[in-house]
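Architecture and fold: a report
If you want the building blocks of each chain, they are given just below.
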Amino acid sequence: MPSDAETKAEAARTRSAWLLSTPALIVLLFAASGPLLIVLTYSFLAPGQYGNVVWDFDLSGWIGILYTRDIFDGTLKLADAHLSIFWRSVKLSLMTTAITFAVGFPTAWFIATRAPAQRAFWLFLITIPFWTNLLIRTVAINEVIRNEGLLNTSLIWLGVISEPIRIIYTDTAVLIGMAYVYLPLMVLPLYAAIDRFDMRLLEAGYDLYASRWRVLRRVILPIVKPGIVAGSILVFVPSLGAYVTPRVLGGGKNMMIGNFIELQFGQGRNWPLGAALSMTLLVVVMIALLIYVRAANKEGNPHG
Amino acid sequence: MNDMPIAVEARNAVKAFGQGAAAVRALDDVSVQIRQGEFFTLLGPSGCGKTTLLRLIAGFETPTSGQILLGGDDITHLPPNKRPVNTVFQSYALFPHLTVAQNIGFGLEMQNRPRAEIKETVARMLGLVQLEPMANRKTSQLSGGQQQRVALARALAPAPKVLLLDEPLSALDLKLRKEMQIELKRLQMETGITFIFVTHDQEEALTMSDRIAVMSAGHIQQVGAPRDIYTRPANRFVASFIGETNFLTGQSDGRQVVLGNGAALDLPTKQGAVSLAIRPEQVRLAATGTAGAMPARVASTVYFGTDTHVHLALSDSTKIVARQQIPSTGGMDLQNGDEVGVILPTDALQVLED
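This text gives an overview of the structure that appears in the document. (Residues numbered from 1 in each chain as written. Chains lettered and ligands numbered in written order. Predicted model: local features only at pLDDT ≥ 70, side-chain atom pairs only at ≥ 80, totals over all residues. Heavy atoms only, no water.)

**Quick word on the overall build of chain B**
Of regular secondary structure, chain B possesses eight helices and 20 strands. When the backbone C-alpha atoms are referred to their principal axes, chain B occupies close to 80 × 50 × 40 Å. Here chain B, with 354 residues, has 52% of them falling under the buried criterion. Sequence-distant contacts in chain B: of pairs separated by 6 or more residues, those separated by 24 or more amount to 65%. A total of about 16000 Å² of accessible surface is found on chain B, and carbon and sulfur atoms cover 50% of it. For chain B, the distance from the average site of its 33 positive side-chain charges to the average site of its 35 negative ones is 6 Å. (Helix = DSSP H or I, 4+ residues; strand = E, 2+ residues; numbered from the N terminus. Buried < 20%, exposed > 50% of the residue type's maximum accessible area, 1.4 Å probe, protein only. Contact = heavy atoms within 4.5 Å. Areas by Shrake-Rupley, 256 points an atom, 1.4 Å probe, with all protein chains shown as cover. Lys, Arg positive; Asp, Glu negative; His and termini not counted. Charge placed at Lys NZ, Arg CZ, Asp CG, Glu CD.)

**Details of the overall build of chain A**
A tally of helices and strands in chain A yields 14 helices and four strands. Its C-alpha atoms give chain A a radius of gyration of 25 Å, more than 25% over the compact-globule value 19 Å for 304 residues. Across its three principal axes, chain A shows a C-alpha extent of roughly 75 × 70 × 40 Å. When burial is assessed residue by residue, chain A has 35% of its 304 residues classed as buried. Looking at chain A alone, contacts between residues at least 24 apart form 62% of all its contacts between residues at least 6 apart. (Rg over C-alpha atoms; globule rule 2.2 N^0.38 Å.)

**A look at the nonpolar core**
Membership of the largest hydrophobic core comes to 67 residues, with the highest contact counts inside it found for B:L53 and B:I196. Looking at this core, the element that brings in the most residues is helix α8 (residues 171-196) of chain A, giving 11 residues. Other than its neighbours up to four places away in sequence, B:I196 contacts B:V8, B:I34, B:F40, B:L42, B:L54, B:I57, B:V162, B:L163, B:L164 and B:L165. Counting residues in hydrophobic clusters, the runner-up holds 35 residues, among them B:L94, B:V129, B:A151 and B:L152. (Core = buried A, V, L, I, M, F, W, Y, C linked by side-chain atoms within 4.5 Å.)

**Considering the sheet that holds strand β17 (residues 307-314) of chain B**
Residue and element names in this part refer to chain B. On the basis of which strands lie adjacent, the open sheet formed by five strands has the order β15-β19-β16-β17-β18 and antiparallel pairing. Each of the sheet's edge strands pairs with one partner strand only, and the pair in question is β15 (284-286) and β18 (319-325). Each strand of the sheet is rotated relative to its neighbour by a mean of 45°, with strand direction disregarded. Here three bridges tie β15 to strand β19 (residues 339-343), and the two strands are oriented antiparallel to one another. Note that in β19 the partner of L285 across the bridge is V342. (Pairing = 2+ DSSP bridges. Axes fitted to C-alpha atoms, helices over the stretch in contact; angles between N-to-C directions.)

**Focus: the packing of aromatic side chains**
Under the counting rule described, the total for this entry stands at 15 aromatic pairs over all chains. Their ring planes at 45° and their centres at 4.5 Å tell us that B:F95 and B:F106 sit as a pair that is tilted. Of this pair, B:F95 sits in the loop between β6 (85-88) and α2 (100-110) while B:F106 is found in helix α2, placing the two residues 11 residues apart along the sequence. Each member of the pair, B:F95 as well as B:F106, carries the same accessibility label: buried. Of the aromatic side chains, those joined through ring pairs into one cluster are A:F101, A:F105, A:W109 and A:F197. A cation sits over an aromatic face here: B:R154 above B:F95, 4.8 Å from the ring centre. The positively charged end of B:R279 is found above the aromatic ring belonging to B:Y230, 4.0 Å away from the centroid. (Phe/Tyr/Trp six-rings, centres within 6.5 Å; stacked < 30°, edge-to-face > 60°. Lys NZ or Arg CZ within 6 Å of the ring centre and 35° of its normal.)

**Quick word on the interface of chain B and chain A**
Between chain B and chain A, the residue contacts involve 29 residues of the former and 20 residues of the latter. Of the roughly 2200 Å² buried between chain B and chain A, counting both surfaces, carbon and sulfur atoms make up 58%. A per-residue breakdown of the area chain B buries against chain A is headed by B:N81, B:H97 and B:M110, which together make up 27% of the total. For the pair chain B and chain A, the number of links is two salt bridges. Residue B:E109 pairs with A:R218 through a salt bridge whose shortest N-O separation is 2.7 Å. (Buried area = accessible area lost by both parts, 1.4 Å probe. Salt bridge = Lys/Arg side-chain N within 4 Å of Asp/Glu carboxyl O.)

**Section: the pattern of salt bridges**
Close approach of charged atoms allows side chains of opposite charge to pair. All names here are of chain A. This structure, assessed with the given rule, holds 29 salt bridges over all chains. The salt bridge involving D195 is made with R119; its shortest N-O contact spans 2.9 Å. Highlighted residues: D195 in helix α8 and R119 in helix α5 (residues 116-127), separated in sequence by 76 residues. Overall, the relative accessible area of 36% leaves D195 in the partly exposed class.

**A closer look at unusual backbone geometry**
With a phi close to 65°, A:Y169 is a non-glycine residue in the positive phi region. Counting through the fold element by element, A:Y169 comes out in the loop between α7 (150-158) and α8. The phi dihedral of B:A93 falls on the positive side, at around 50°, and the residue is not glycine. Along the polypeptide, B:A93 turns up in the loop between β6 and α2. The exposure class assigned to B:A93 is buried, which follows from its relative accessible area of 2%.

**A few points about the sheet that holds strand β14 (residues 272-278) of chain B**
One key point about sheets: their strands pair by backbone hydrogen bonds, in either a parallel or an antiparallel sense. Residue and element names in this part refer to chain B. Strand order in the open sheet formed by five strands is β13-β12-β11-β14-β20, and the pairing between neighbours is antiparallel. Each having just a single partner strand, β13 (264-266) and β20 (350-352) make up the two edges of the open sheet. Here the average twist between neighbouring strands, direction ignored, is 40°. For strand β11 (residues 246-252) and β14, the ladder comprises seven bridges, and the chain directions are antiparallel. Bridge pairing in β14 places Q251 opposite A273.

The following block contains the structure:
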């Protein structure tokens, strides 16, 4: 039997442990779980006439993700517009990830193979865009690709084209914008992985009859894979929820999930649908991450 | 061995790094022929050009001028992956994402050999380097000596015409190094593959090689069997780099050399100033006044277990080291300051070209 003193000391220790973890608990409760719980709750309520919610249990938010109610006979129909928005979001995010990898890998390789003193300079150039507001950067891209923008004016002046190429307010514009905005998020983890790569392994690969392409495929890529995984996640996740870029470069029509959610809380006045869409996006991202990390681990450790 | 065909040849190979006046010639007009099935060692201090020569043969560098031939074919501009030559790297350079077996099979796989053949060869290689139980381990889980064996097996698996070894034992501790020296020699005998071995360790070179090329400052100073290199060094550099040597200078009239202390040695050479070298174990000690012995004083003695190094000063204060067997097996029991007679047998004296 523990003595009274021991029990008291134990209780005091427990109390102080709870006390010490209070700041962390407060942050978790109010900054992370709290808002999520509110969004989750709202998704099960009825929409109010002028926005906000009515406190009645209602699944129409969740149903509204995939179906729309016909205004005349009230039957449910599959919402093609919603599906095309989801598909565009996933497609553009995957393409953004692929483009940032295609551009980012050579860039990261270039930086990692400079003299150590020069690397800081190149990394500095990569991080400069972070200092500028996202909206301003996106408007700058708009300025480059719009019909009377830098690109079209130059091409016409050079005589390559006679009519401006319409890029602005298309999926291509959104893709260009997102690839530009998220490129540093791909380059930095790739750089970190390539920097750790032992360049002497290249010679070992060439020596053992591997062509340049096979050295890349069989030696470099598998070894820098953690960097590729990290970079892809860092690009794919914010791309999927992108809001500013599709808004500025995609115009009103080429919406992505982010814009669609915003629409529900704004003009759409359907907060439960917006909340349900937010939760769906969250779950999709989490599932995508799990699949991706699992696959990456499995391939990296065939015998582990 | 002398009648074997030439496996590898460098013809007037020059490798310069840098541009114009700042260019450094790591290799300066080097020509050498290495025979098939030979254990050939490139020996020299760091920066002598031995690794550069190895990298020219592997294809990692292209010579500034000159040619590299493999079995009589000019391979000077062939990339490394097209040369039937494999390298054991100083750092081993094992692939960290692959298992031991996958590392060993890598070269065969890149040559697109059939799966069954790869499997069979990898198993045979694992047996050759005694690593069968480690086949499915990651290379990071192996000790230095085991990693070394994987590197060897990986380079031997594609059955290259020539195996290049770039100071492969330098990272191992002394005991393991001795074991691997024997192991390497055994592998070379069993496979019959030409080994070109780079080292700065003269003992390693002497014990393992069929022939040695001693290199310094981008030049080959001497090529020969270990015994030739040791007993008949071509010049002062070779004599001083391989083993311990006493250097003496004298004046020659063509038949006799008169040393600084006035002693005359019957040694036919060219007339004028000459440099002589003699190994410490060839220097004989005798009682003072013995016929043909020159007087010397014992400066210090250093005990080495199997023998004792006696540091002596001749009458003109030229310093000489003599290696004496311990007294019980025939050596003299000498104390510092003792007077002693020194005999330099003329057949053991080497006349050096400077």
